[in-house]
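Architecture at a glance
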Amino acid sequence: KVHKTSVSYLVGKNIINVNANRSILQFRVDGNTYTNSALFTWDLNSPHTLSAVSPQVSGSTRWVFSSWSNSGDTNQTINVGTSTTTYTVNYRTQFRLISQVSPSGLPVTVNGGNLFYDTASTVNFSPTPLQLTHNGKDYYFQRWNGTGNGSYNGTNPNGVIQSMNNVVVQTAVFDTMPPIGIQNLNNGVPQVF
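Quick look at the environment of Phe125
- Relative to the assigned elements, Phe125 resides in strand E12 (residues 121-128).
- Separated by 43 residues in the primary sequence, Phe125 and Thr82 place their C-alpha atoms 51 Å from one another.
- Apart from residues lying up to four places away in sequence, Phe125 is in contact with Leu97, Val110, Asn111, Trp144, Tyr152, Pro157, Asn158, Gly159, Val160, Ile161 and Gln170.

Concerning the nonpolar core
- Core analysis: the largest hydrophobic core is formed by 20 residues, its most contacted members being Val18, Phe27, Trp68, Val89 and Tyr91.
- Breaking this core down by element, the ones donating at least two residues are strand E1 (13-20), strand E2 (27-29), strand E4 (38-43), strand E5 (47-52), strand E7 (61-68) and strand E9 (86-102).
- Leu97, Leu132, Tyr139 and Phe174 belong to the second-largest nonpolar core, a separate cluster that totals 19 residues.

Re unusual backbone geometry
- Between Ser54 and the following residue, Pro55, the backbone shows a cis peptide bond with an omega angle of -5°.
- Inspection of the secondary structure assignment puts Pro55 in the loop between E5 and strand E6 (56-58).
- Cis geometry is adopted by the peptide bond preceding Pro129, which originates at Thr128 and carries an omega value of -5°.
- Relative to the helices and strands, Pro129 resides in the loop between E12 and strand E13 (131-134).
- Of note, Asn114 is a non-glycine position whose phi angle comes to about 60°, a positive value.
- Tracing the backbone shows Asn114 in the loop between strand E10 (109-111) and strand E11 (115-118).

Let's talk about the sheet that holds E5
- Strand order in the open sheet made by the four strands is E3-E2-E5-E8, with antiparallel pairing throughout. The strands lining the two open edges of the sheet, one partner per strand, are strand E3 (32-34) and strand E8 (75-79). Pairs of neighbouring strands in the sheet enclose a mean axial angle of 30°, with direction left out of account.
- Pairing analysis gives three bridges linking E2 to E3, with the strands arranged antiparallel. Paired with Arg28 across the strands is Thr33, a residue of E3.

So, the sheet that holds E12
- Reading across the sheet, the three strands line up as E10-E12-E15 and stay open at both edges, with antiparallel pairing between neighbours. Only two strands of the sheet have a single partner each, and these edge strands are E10 and strand E15 (159-164). Averaged over all adjacent pairs, the angle separating strand axes in this sheet is 25°, with direction ignored.
- In this structure, E12 lies alongside E15, joined through four bridges in antiparallel fashion. Across the sheet, residue Ser121 finds its bridge partner in E15, namely Met164.

Points about the pattern of salt bridges
- Applying the stated criterion to the full structure yields two salt bridges.
- With a closest N to O distance of 2.4 Å, Lys13 and Asp43 form a salt bridge. Taken together, the residues span a long stretch of sequence, with Lys13 in strand E1 and Asp43 in strand E4 at a distance of 30 residues.
- Given the relative accessible area of 35%, Lys13 is considered partly exposed.
- For Asp43, a relative accessible area of 39% gives the class partly exposed.
- Linking Arg92 and Asp118 is a salt bridge whose minimum nitrogen-to-oxygen distance equals 3.0 Å. One end of the pair, Arg92, is in strand E9; the other, Asp118, is in strand E11, with 26 residues separating them in the sequence.
- The exposure class assigned to Arg92 is partly exposed, which follows from its relative accessible area of 35%.

Rules of the game
Each chain carries its own residue numbering, running from 1 in the direction its sequence is written. Thresholds applied to this predicted model are a pLDDT of at least 70 for local features of residues and 80 or more for the giving and counting of side-chain atom pairs; totals over whole chains, interfaces and linings are not thresholded and use all residues. For side-chain calculations, the full set of non-hydrogen atoms in the structure is used, while hydrogens and water are omitted. Working definition: helices are DSSP H or I runs of at least four residues, strands are E runs of at least two. Numbering for both runs from the N terminus. Any two residues having at least one pair of non-hydrogen atoms within 4.5 Å are treated as being in contact. Side-chain atoms within 4.5 Å link the members of a nonpolar core, which is a set of buried Ala, Val, Leu, Ile, Met, Phe, Trp, Tyr and Cys residues. Only protein chains enter the accessibility calculation, which uses a 1.4 Å probe; a residue is then buried when its area is under 20% of its type maximum, exposed when over 50%, and partly exposed in between. Strands were regarded as paired on the criterion that DSSP finds at least two bridges between them. To get an axis, a line is fitted to the C-alpha atoms, and for a helix only the part in contact is used. The angle between two axes follows their N-to-C directions and goes from 0 to 180 degrees. Salt bridge, as used here: a side-chain nitrogen of Lys or Arg that lies within 4 Å of a carboxyl oxygen of Asp or Glu.

All we've got here are geometric facts, nothing functional implied.
So, in structure tokens, the structure goes:
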């Protein structure tokens, strides 16, 4: 029996892997866009351009450039050497705080609403104004209705999400009745009921 072994030597070349920290995200190599890990055989000392595509949005989630594994800038030119074989672009995840007003059509602004926030960040939001006249009716802020993990539900107009880890919807609910509550007038103890 005869066996033939073939060996390819990369004389003067290096195999370079370029990828992103999430397989769905894009990056560019020498102007061409890739979404999966890409493998290149390049000549030593040849220059190549690596670029992060930032931001990238899918629905209410956004990814923003954070860093390259070699600490390079968003767009960088590398010279192929013998030591580095992988370049990874790292993106950080941001989630959107979707804000709504009920009833819809009220001229109310939600401060901090409809913006993207980094994962695990603290988010503050509030409606302006708290009371208004619209179409001949007086409206008063009543409460927040929140949906999504970590959302805020309550009557404080200054809402807070302690750790933004997903898309959250916050609805500022207004009504024509002024808010009603119980107030403690003093600390005295009554003698007779």
